[in-house]
Amino acid sequence: GLKTRRPFAAGQEIARELPLVICSGDSSSSTATALPAAAHALRDLVLPDVPLNVRSLFESSGVSISPEALLVFSLLVLRWSGLRQGGKSSPRSACVPDLPEGPRHWLALSETKRSLFERCATVQRLMSEARLRGLLAFEVSDDDVLDADLRRIGSTLCSSDAPFVPAAFALLNHSCSPNAMLQWSASQGHVILSCLEPIAVGEEIFVSYVCEQDHVLSRRYYLLQQQGFRCLCKRCQSNFCGVVEAPVNGWRCESCSACLPDDLFQCSSCSSSVTLAMRCRREERHAKVMQLASRASTLARSQQFTSAAQLLARALESLRSLRPPTDVWLSRLLTSMRNVLLAAPPGSVAPDAVKAIDAELERQSAAYRAAVAAEAVGAASLGVAQSEEARSWSVRMLRALRLHDPSEIALRRGRKRRVGPRGDGGYVVWDEEGSPLCNALLSYGVDTNVDFELELACAGAKVLMFDHTVRGPPQGHPNITFRREALADRAVEGICGTLAAHLAALPLVPGPIMLKADVEGAEFAAILSTPSEDLAKFSQICLELHWLGRPSRGGDFRIKALALERLSENFVLLHAHGNNYGDAVEVAGCTVPDVLEVLFVNRSFLDPEGFVPSSRGLVPDVVLDSSNCLFVPDFELRGPPFGADVLAR
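Residue positions are counted from 1 within each chain, in the order its sequence is given. Under the rules for a predicted model, residues below a pLDDT of 70 receive no local features and side-chain atom pairs below 80 are neither given nor counted, while totals for whole chains, interfaces and linings still include all residues. Only hydrogens and water are set aside; all other atoms, that is, all heavy atoms of the structure, feed into the side-chain values.

Is there a simple way to think about helix α17 (residues 557-568) in this case?
Because each turn of an α-helix spans 3.6 residues, side chains separated by three or four positions end up pointing in the same direction. In this text, helices come from DSSP runs of H or I with a minimum length of four residues, and strands from runs of E with a minimum of two, each type numbered from the N-terminal end. Each helix should span, by expectation, one fewer than its residue count multiplied by 1.5 Å. Between its terminal C-alpha atoms α17 stretches 16 Å, which fits the 16 Å expected from twelve residues at 1.5 Å a residue. Relative accessibility thresholds used throughout: buried, under 20% of the residue-type maximum; exposed, over 50%; partly exposed, between the two (1.4 Å probe, protein chains only). All of the buried residues in α17 are Phe557, Lys560, Ala561, Ala563, Leu564 and Leu567. The arc that holds every buried residue of α17, seen down its axis, measures 165°, which confines them to one face. One side-chain oxygen at the N-terminal end of α17 lies 3.2 Å from the backbone nitrogen of Arg558; it belongs to Asp556. For this quantity, the arc is that covered by the directions from the helix axis to the C-beta atoms. Under this definition, polar contacts are N or O atom pairs within 3.5 Å; protein pairs additionally need one hydrogen-donor-capable and one acceptor-capable atom, and for neighbouring residues in sequence, both atoms have to be side-chain atoms.

This is the structure in structure tokens:
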């Protein structure tokens, strides 16, 4: 990290540096040029008599070069050639500081690893072309290229109009509520570190590696995937503990213009309902705005800046009536408009147009930063019950999570198996030999993967799928019916429905019925509002339980305990796996994953002697379980409440 030696006021420049490498020119074409900023020209880094012309290398290699590949290539030239000193070139020059190691966990991901190796091949092709021309005398291994690429990734702290790799600024640490920000000044060729709020002497400087306007879960996923760490800043802890996230992104309520997050089906300001017609209407308007922005981008690439600015002005007018002033989409469109205006020939746009855009961006930034700062309050210890009554309910919740093992009798007739993908979207089920897994399925929560539902649909099951936040599943099937409704503890026609109401809508088919739900905390109220006789109609239930250790999210400990106890009346918990994107929290002296994937099996579906309380808990099974995030250790569920009883103190 970096700390200050003197105090700084909000808006004050803290420092600036010439980045180690920048990528300038038109980064979308093969005529881009890589410039190590420390020397201002790539040819200054090799022998003076042999200038290295990157453009000609493009043409000779015949490959499309991405900005990322250019940056890696430049880093390698910097590292291996070194700066000229007295007409000589020294290998592995000390003039290039050691960059952070970078996210080596990416090598464990097949898709990401493939893109790394594809970029490695491109860089090696450039290197080979340079050696054939006598421009470079050294060779590098694939491991060297991959290492340089990962160090580049690990050093890139924020998005920028011009990609760059910083030197000293690579030491800056992250916070979702930063006190400073990095800006790229193309005119000066510098990266500028500016103060966002007063910073005292010796206080650490933080920047955000992510878009601060993003939802806490989006920030968590991005940082784990891109950087390999779990953010525990004050803002994230407050969000996970139930401090409501500032409504900076979303839609304008049609009744009161308040900010309405995408997943809400009722405005928290005026209590008006968000109907399906409203959702479709706003999404269609947003799609038209994006079409205008895309056309403007095409015109700008063709140097038709005036026409591009006119289209963007129309898009902005429409988006301002659709989105709140702090929304990230509005910020992106304003930035696009600013870039077009700056690129336009002098005199072709109003002289104050850029100033007006800058003023609006500044107002937007101040508004959402104030909202973000309000979230970053001191969070209480995670999962700690604040009263004896709350602690009593938390103990009851834990006891309802007592894990059971299938007995030898049960294992003669059936087994656990995984249905769906290895990662998110796959679930462990109990499969009785000779019997269909299910003839009907109620499924809640549609993401980018519906392999679980497809596998059951292909086996003949009728699937009724619900999600109010998407237009439909990514894949269809004749046996799958989709309804754009939310799961709730009450029914509102065309907006949300209860488990009992949706059960009644299932096709009348004989045989077992299954339930699958991943609804971000809405599961507890929905289960609690469902009569036991309706729940008992399910043969097995696959759930993702959210916020088990957070009494302020998804219902308090009382709601969660009563919901799980209602399940325990007819079901046994036969499998559990912690989602390691979440935290492990302490509740009533027990450590539990905050997010838990579970399988409840109906007692009538099993032999009366088919299950026994587990004496060992569960260690993730390589066949059944899949780590949700490969970059952090998986959770082991050995002690109470899974592998032992929860004892009252």
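Where do I start with a negative patch on the surface in this structure?
Taken together, Asp263, Asp424, Asp447 and Glu520 make up a surface patch of like negative charges. You can see Asp263 is positioned in the loop between β11 (259-260) and α7 (276-301). Residues with no salt bridge and a relative accessible area higher than 30% make up the patches, which join like charges within 9 Å and nonpolar side chains (Val, Leu, Ile, Met, Phe, Trp, Tyr) within 5 Å. Each accessible area is a Shrake-Rupley result for a 1.4 Å probe, and residues are judged covered by the shown protein chains and nothing else. Here, a salt bridge means any Lys or Arg side-chain nitrogen found within 4 Å of an Asp or Glu carboxyl oxygen. Charge assignment: positive for Lys and Arg, negative for Asp and Glu; neither His nor the chain ends contribute. To locate a charge, the coordinates of NZ of Lys, CZ of Arg, CG of Asp or CD of Glu are taken.

How should I be thinking about the pattern of salt bridges in this particular structure?
Where side chains of opposite charge bring their charged atoms close, a pairing between them can arise. As enumerated under the stated definition, the model contains 27 salt bridges in all. As a salt-bridge pair, Arg104 and Asp147 come within 3.3 Å of each other at their nearest N and O atoms. Note that Arg104 is positioned in the loop between α2 (67-81) and α3 (110-132) and Asp147 in helix α4 (residues 142-155), a separation of 43 residues in sequence. Through salt bridges with shared partners, a single network forms among Arg220, Arg230, Arg550, Asp583 and Asp594.

Looking at this structure, how should I read the pairing of strand β24 (residues 590-593)?
Two faces belong to every sheet, and in a regular strand the side chains alternate between them. Bridge analysis of strand β23 (residues 584-587) against β24 gives four bridges, and the strand direction is antiparallel. When the bridges of β24 are listed, Val585 appears paired with Val592. Here, any two strands with at least 2 DSSP bridges between them count as paired. If you look at the hairpin formed by β23 and β24, you'll find two residues sitting between the two strands, and Ala588 has a positive phi there, around 50°.

It is not clear to me how the confidence of the model for the protein should be interpreted in this structure. Could you clarify?
Atom-level detail of predicted coordinates should not be read off regions where pLDDT is low. Here the protein shows a mean pLDDT of 83. Residues at 70 or above account for 86%. As a per-residue measure, pLDDT reflects the predictor's confidence and takes values from 0 up to 100. Here a residue-residue contact requires only that any non-hydrogen atoms of the pair lie within 4.5 Å. Confidence drops under a pLDDT of 50 for residues 25-51, and excluding neighbours within four residues, the segment shows 68 contacts in the predicted structure. The model gives residues 380-385 a pLDDT under 50, and that stretch makes 16 contacts with residues more than four places away or in other chains.

Would you mind going over the side chain of Asp327 with me for this structure?
Tracing the chain through its elements places Asp327 in the loop between α8 (305-322) and α9 (328-343). Residue class for Asp327 comes out buried when judged on its relative accessible area of 0%. For Asp327, the residues in contact, after removing those within four places along its chain, are Gln213, Val248, Asn249, Gly250 and Gln364.

Even after reading the chapter, I still don't get the sheet that holds strand β21 (residues 538-545), so can you show me in this structure?
Adjacent strands of a sheet form backbone hydrogen bonds with each other and so pair up, either parallel or antiparallel. An order of β17-β16-β15-β20-β21-β25-β22 is seen for the seven strands of this open sheet, with the pairing classed as mixed. If you trace the sheet from one side to the other, it starts and ends with β17 (480-483) and β22 (571-578), each paired once. Across the sheet, the axes of successive neighbouring strands diverge by a mean angle of 15°, strand direction being ignored. With respect to the sheet, α17 is in contact with β21, β22 and β25 (596-602), its orientation differing from that of β21 by roughly 155°. To obtain each axis, a line is fitted to C-alpha atoms, and for helices this fit is confined to the stretch in contact; angles are then taken between N-to-C directions over 0 to 180 degrees.

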